[in-house]
Structures are given as structure tokens and as C-alpha cells.
Amino acid sequence: TLFRSHWEMHPNGEEVICLLSGEVEFVLELDEGPLNVALRTPGDYCIVPRGIWHTGRTNTAARMLYVTPGEGTEHRPG
């Protein structure tokens, strides 16, 4: 289940996502194909490289901390 209804991409820097509670999986759209990154334990984190389209999915309630270079962020439908 997607928890975002869209994909996003940050052209001006990496995004750091840290899991605070719950479980979540991020999908990063790499040139060689999609990469699924599972965050299962509080403190797990993911660094989304600059310019990579990504989205997330979860089947449970989850809390995350995002550090995002927001200027220029692009979105597209999920």
C-alpha cells in the first residue's frame, strides 16, 4: 500500500529519512531498476540520492523524520 499518492524527486540534495516507529518501505527508481529499502526498526534510515525519484509504502502506522532539501522538489502521480 502506498502511503504517498505520488513520487517525488529532490534535485538540490540528498534526502535523509529516519524511522521513528512502525515499518515502511521506500522505492527508489534507479537506472538499473527499482530498489526497495525496508526500514523496520526505529533508528533505521535511508538516504535518497539527489535527483532520484522515490515513493514509500506501508501497511502500518509509521512515524518518520525527514531532512529534505525542498527547493525545486518535483512530484508526479503515483
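Note that this is a predicted model, so its numbers are computed, not measured. (Residues numbered from 1 in each chain as written. Predicted model: local features only at pLDDT ≥ 70, side-chain atom pairs only at ≥ 80, totals over all residues. Heavy atoms only, no water.)

### Let's talk about the pattern of salt bridges
- Applying the stated criterion across every chain yields a total of three salt bridges.
- Residues E25 and R57 are paired through a salt bridge, measuring 3.6 Å at the closest nitrogen-oxygen approach. Highlighted residues: E25 in strand β3 (residues 24–30) and R57 in strand β6 (residues 53–57), separated in sequence by 32 residues. (Salt bridge = Lys/Arg side-chain N within 4 Å of Asp/Glu carboxyl O. Helix = DSSP H or I, 4+ residues; strand = E, 2+ residues; numbered from the N terminus.)

### Looking at the environment of G22
- Locating G22 in the fold gives a position in the loop between β2 (15–21) and β3.
- Separated by 24 residues in sequence, G22 and C46 have C-alpha atoms that sit 15 Å apart.
- Contacts of G22, omitting those with residues within four sequence positions, involve L39, R40, T60, A61 and A62. (Contact = heavy atoms within 4.5 Å.)

### Some remarks on the pairing of β6
- Taking burial as the measure, the five residues of β6 include four buried ones, the bulk of the element.
- Bridge count for β3 against β6 is five bridges, and the pairing is antiparallel. Its bridge partner lying in β6, F26 is registered against G56. (Buried < 20%, exposed > 50% of the residue type's maximum accessible area, 1.4 Å probe, protein only. Pairing = 2+ DSSP bridges.)

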